[in-house]
Amino acid sequence: MANDVAIIGVGQSNFVRGYEGSIRELSFEAYREAMQDAGLTRDDLDASIICSAPEYDKQRSPSGLIAEYLGLNPQPTFAVESVCSSSTTGLKTAYALIKSGLHQAVAVVGFQKMSEISSADSQERMGRGADIMWESPFGTTMPAYYAMHARAHFDTYGTTEEDLALIRVKAAKYGQLNEKAVYRKDLVMDKIMESDYVSSPLKRFDCCANADGSSCIILASAEKAKQSSVQPVWILGLGSATASYSVTGRNTYAGLESAREAARQAYRMASMEPQDIDVAEVHDCFTIAELMAYENLGFAEPGRGAELIRNRETYLEGKIPVNVDGGLLSKGHPIGATGGSQVRTIVQQLRGEAGKIQVPGAKTGLVHNIGGVGIYANVIIMGS
Amino acid sequence: MGFERFGRLSFTAQSKTADFVDFLEKGDLYATRCGDCGLIFFPPRADCCSCLSSAMDWVKVDPRGKLVSFTRSYFAPTGFENDVPYVLAVAEFDNIKVFGRFKEGYTEDDLSAGMEVALKPLTLPDGQISYQFEPAS
């Protein structure tokens, strides 16, 4: 274990619709929680990595500003971005910095204040989330791209809108238990099925909500981890992959090839198989995204993801509990903070500190964090 | 210049592939083919990522294809608000895939994966040059 990398501190702000503070104050909330969790002071940290999707920031080059506010001068800081998967890309970067011996302890801070810009500005940026030469000119949205994947999954495998609704029912059940989630109401099938289409076949309740929020993960070398009083959670496997920005460059729409490749790498590095995973957090920005994740991660054979949710195998008491913190569907999705929030949940599970959503005896956990519609994919396997 | 004329609303003015818009205006959809290694690209590219050549030729795409996937959007980004709802789709032509809108008046109930479609160039009322999918006649 001498050359291994551990997570020794995790923190997250509440995810809310409109945060009443600045981005530096928002970032501080997660940072304070993670540092108190790790029992560290600022002099213990060698560097910070700041993760956000900059199109939502009014502040230019926020990393320097956030590092100053966190008291992390003169340590180096820099920004990492891969839209919705920014903070797990930051985690991978921190892992490499520690593994190389350059640093002993690094803070990965993810934040997004999506309400920083007006709704009109947000709508304008939404259209430019696609290839601006060849796809944005037709009026594209994130829901539309995931909807085309849902349609392809339905056509290829016979999955239904009811199957997707079952995923939201699960998310709502666990979201009620998560004090940091933006959406904490119960949702029944009828209400989900009756909600309006956003982009067919995806309806309002198939989509996660925008939110403001922050997350912070403290990574450390094995030697540094020994000085901390918390139980270290080890990073056992890391996988990252990309797929074409243009949707026309994909071979299939019934899954995300980048996620499949990232999972393959992570399992290989950890010398593990899908059945070795005790608990998982997957990127459910839309219900169809969670369903595809079941298959891309190998929890179900291609085309059989719907059976997992129909048989409640991804509930707390099921074969492979997924998103038992409510997922993005309940927590909300503050772009740059999302991956760190997923990692925090798994770390709590592996420490046995997950309270009402604790998976009994969980020893190995997985995070699946996707940027764009599978443009970027990160899979992380952790163990206690 | 020239690429600002492409689509319902263009976000790019300059591209070495702007001739695509001129071909489209004349009624044809073109892809690029690497003059050195023969790889075909759609969307068109000015540079070959396989052999690093920039000697590209334009090749005409047969406008008869098959629908791959589609969605009807009820929300739109800035600049497209007055168009909703509209159908976005991906269709396959000669081993390339094309993304665009389906002709107005069609809903998801009229469409199915695998149905034969035609890709039709069109000039929008404001003079923008675009294309859309229609059922093959």
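Along each chain, numbering runs from 1 in the same order as the chain's sequence is written. Numbering of ligands from 1 and lettering of chains from A proceed in the order in which they are written. This being a predicted model, a pLDDT of at least 70 is required before a residue's local features are given, and a value of 80 or more before pairs of side-chain atoms are given or counted; all residues contribute to the totals for chains, interfaces and linings. For side-chain calculations, the full set of non-hydrogen atoms in the structure is used, while hydrogens and water are omitted.

### Comments concerning the overall build of chain A
Note the following rule: We count a stretch as a helix when DSSP gives it H or I for four or more residues in a row; a strand needs E for two or more, and each element gets its number in order from the N terminus. Put simply, the radius of gyration uses C-alpha atoms, and a globule should come to 2.2 Å times the residue count raised to 0.38. Just so you know, the count uses Lys and Arg for positive and Asp and Glu for negative, and it drops His and the chain ends. Here the site of a charge means NZ on Lys, CZ on Arg, CG on Asp, or CD on Glu.
Each helix and strand in chain A was counted, giving 13 helices and eleven strands. In terms of overall dimensions, chain A is globule-like: its C-alpha atoms have a radius of gyration of 19 Å, near the 21 Å expected for 384 residues. The averaged location of the 45 negative side-chain charges in chain A is 2 Å from the averaged location of its 36 positive side-chain charges.

### Details of the interface of chain B and chain A
Formally: Whether two residues are in contact is decided by their heavy atoms: any pair within 4.5 Å suffices. The term buried area denotes the loss of accessible surface (1.4 Å probe radius) that occurs when two parts are joined, taken as the sum for both partners. The residue classification treats Ala, Val, Leu, Ile, Met, Phe, Trp, Tyr, Cys and Pro as nonpolar and Asp, Glu, Lys and Arg as charged. All others, Gly included, are polar.
Listed as interface residues are 39 residues of chain B and, on the opposing side, 33 residues of chain A. Each partner contributes to the roughly 2,900 Å² buried at the junction of chain B and chain A, and carbon and sulfur atoms together form 67% of this total. On the chain B side of the interface with chain A, the three residues burying the most area are Phe 11, Lys 97 and Phe 99 of chain B, jointly 22% of the side's total. When contributions to the side of chain B that touches chain A are tallied by element, the ones reaching two or more residues are β4 (64-73), β5 (86-93), β6 (96-102) and β8 (129-135) of chain B. A total of six residues in the side of chain B that touches chain A trace back to one element, the largest contributor, which is β4 of chain B. By residue class, the composition of the side of chain B that touches chain A is 23 nonpolar, eleven polar and five charged.

### Here we look at the sheet that holds strand β3 (residues 56-60) of chain B
Residue and element names in this part refer to chain B. Note the cut-off: Strand pairing is defined by DSSP finding a minimum of two bridges between the two strands.
Strand order in the open sheet made by the three strands is β2-β1-β3, with antiparallel pairing throughout. Where the open sheet ends on each side, the last strands, each with one partner, are β2 (40-41) and β3. With two bridges connecting them, strand β1 (residues 30-34) and β2 associate as antiparallel partners. Following the sheet pairing, Arg 33 is matched in β2 by Ile 40.

### Topic: a positive patch on the surface
Spelled out, the test is: Here, patches come from residues exposed beyond 30% relative accessible area and free of salt bridges, joined within 9 Å for like charges and within 5 Å for nonpolar side chains (Val, Leu, Ile, Met, Phe, Trp, Tyr). Under the convention used here, a 1.4 Å probe and the Shrake-Rupley method define accessible areas, while residue burial counts only the protein chains that appear. What counts as a salt bridge is simple: a side-chain nitrogen of Lys or Arg found within 4 Å of a carboxyl oxygen of Asp or Glu. Each residue gets one of three labels from its accessible area relative to the maximum for its type: buried under 20%, exposed over 50%, partly exposed in between, using a 1.4 Å probe on protein chains only.
Judged by side-chain charge, Arg 17, Lys 185, Lys 191 and Arg 204 of chain A come together as a positively charged surface patch. Note on Lys 191 of chain A: relative accessible area 45%, which makes it partly exposed.

### Quick look at the packing of helix α1 (residues 23-38) of chain A against helix α2 (residues 62-69) of chain A
Residue and element names in this part refer to chain A. What counts is decided by this rule: Axis angles are defined between N-to-C directions and span 0 to 180 degrees, where every axis is a line fitted to C-alpha atoms and, for a helix, only to the segment in contact. Here is the rule for angles: anything less than 35 degrees is roughly parallel, anything more than 145 is roughly antiparallel, 65 through 115 is roughly perpendicular, and the remaining ranges are oblique. Definitions for this section: a left-handed crossing has its near helix turned counterclockwise from the far helix by less than a right angle. A right-handed crossing has that turn clockwise.
The interhelical angle for the contact between α1 and α2, taken along N-to-C directions, is 55°, at an axis separation of 9 Å. Classified by the angle their axes make, α1 and α2 are oblique. Two packed elements cross with a definite hand, and for α1 against α2 that hand is right-handed. Contacts between α1 and α2 involve Ile 23, Arg 24, Glu 25, Ser 27 and Phe 28 from the former and Pro 62, Leu 65, Ile 66 and Tyr 69 from the latter. Classifying every residue of the contact of α1 with α2 by side-chain character gives six nonpolar, one polar and two charged.

### A look at the packing of aromatic side chains
Note the following rule: Only the six-membered ring of Trp is used, alongside the rings of Phe and Tyr, when aromatic pairs are assigned; centres must lie within 6.5 Å, and planes under 30 degrees apart are stacked while those over 60 apart are edge-to-face, with the rest tilted. Look at NZ for Lys and CZ for Arg. If either is within 6 Å of the ring centre and within 35 degrees of the ring normal, a charge sits over the ring.
Throughout the structure, instances matching the rule amount to 22 aromatic pairs over all chains. Note on Trp 134 of chain A and Phe 42 of chain B: the rings are 6.1 Å apart at their centroids and 55° apart in plane angle, and the pair reads as tilted. Of this pair, Trp 134 of chain A sits in the loop between α4 (119-127) and α5 (142-157) while Phe 42 of chain B sits in the loop between β2 and β3, on two different chains. Grouping residues by exposure puts Trp 134 of chain A and Phe 42 of chain B together as buried. An angle of 20° between the planes, with centres 6.3 Å apart, marks the rings of Tyr 197 of chain A and Tyr 74 of chain B as stacked. Of the two residues, Tyr 197 of chain A is situated in strand β5 (residues 197-199) and Tyr 74 of chain B in the loop between β4 and β5; the pairing between them involves two chains. Residue classification places Tyr 74 of chain B among the partly exposed positions, given a relative accessible area of 27%. A network of ring pairs unites the aromatic residues Trp 134, Phe 138 and Tyr 145 of chain A together with Phe 3, Phe 6, Phe 20, Phe 42, Phe 99 and Tyr 131 of chain B as a single cluster. Lying across the ring of Tyr 315 of chain A, Arg 312 of chain A places its NZ or CZ 3.9 Å from the centre.

### Some words on the nonpolar core
Selection rule: Here, nonpolar core refers to any group of buried Ala, Val, Leu, Ile, Met, Phe, Trp, Tyr and Cys residues whose side-chain atoms link them within 4.5 Å. As annotated, the domain borders come from an automatic or database domain assignment.
If you look at the biggest cluster of nonpolar residues, it comprises 133 residues, and the most contacted ones within it are Ile 7, Tyr 146, Leu 219 and Met 382 of chain A together with Tyr 131 of chain B. Ranked by residues supplied to this core, first place goes to α5 of chain A with eight residues. Residue-level mapping places this core at the junction of two domains, with at least three residues from each of domain 1 (5-118 + 211-233) and domain 2 (122-208 + 235-383) of chain A. Not counting residues up to four positions away in its chain, the partners in contact with Met 382 of chain A are Ile 7, Val 233, Trp 234, Leu 236, Val 343, Ile 346, Val 347, Leu 350, Lys 363, Thr 364, Gly 365 and Val 367 of chain A. The next biggest cluster of nonpolar side chains, apart from the first, holds 26 residues, and it includes Tyr 31, Leu 70, Ala 220 and Ala 225 of chain A.

### A short note on the pairing of β1 of chain B
All names here are of chain B. For β1, a buried count of four out of five residues is recorded, marking the element as mostly surrounded by other parts of the structure. Bridging between β1 and β3 involves five bridges; their strand directions are antiparallel. What sits directly across from Cys 34, in β3, is Met 56. Turn length for the β1-β2 hairpin, with the two strands adjacent in sequence and antiparallel, is five residues, and the turn residue Gly 38 shows positive phi of about 85°.

### Section: the pattern of salt bridges
Pairing is possible between side chains of opposite charge, provided their charged atoms come close. All names here are of chain A. In the structure shown here, the tally under the stated rule is 24 salt bridges over all chains. With a shortest N-O distance of 3.8 Å, Glu 281 and Lys 331 are connected by a salt bridge. Of this pair, Glu 281 sits in strand β9 (residues 279-281) while Lys 331 is found in helix α12 (residues 327-331), placing the two residues 50 residues apart along the sequence. Given the relative accessible area of 1%, Glu 281 is considered buried. Three or more residues joined by partner-sharing salt bridges are found here, namely Glu 33, Lys 180 and Arg 344.

### A word on the domain arrangement of chain A
All names here are of chain A. Filter applied, for reference: Any N or O atom pair separated by 3.5 Å or less is treated as a polar contact, with the protein-specific requirement of one donor-capable and one acceptor-capable atom, and with residues adjacent in sequence counted only for side-chain atom pairs.
In terms of domain boundaries, chain A breaks down into domain 1 (5-118 + 211-233) and domain 2 (122-208 + 235-383). Averaged C-alpha coordinates put domain 1 and domain 2 at centres separated by 23 Å. Summing both sides of the interface, domain 1 and domain 2 together bury roughly 3,400 Å²; the carbon and sulfur share of this comes to 61%. The largest share of the area that domain 1 buries against domain 2 comes from Phe 15, Cys 84 and Val 233, three residues that together contribute 21% of it. The tally of links between domain 1 and domain 2 comes to three salt bridges. A salt bridge links Glu 33 to Lys 180; the shortest N-O distance between them is 2.7 Å. Here domain 1 is connected to domain 2 by 20 residue pairs in polar contact (both at pLDDT 80 or more). Residue assignment for the side of domain 1 that touches domain 2 shows that the elements contributing at least two residues are β1 (5-12), α1, α3 (86-99), β4 (105-113) and β7 (212-221). When the residues that make up the side of domain 1 that touches domain 2 are grouped by side-chain class, the tally is 21 nonpolar, 19 polar and six charged.

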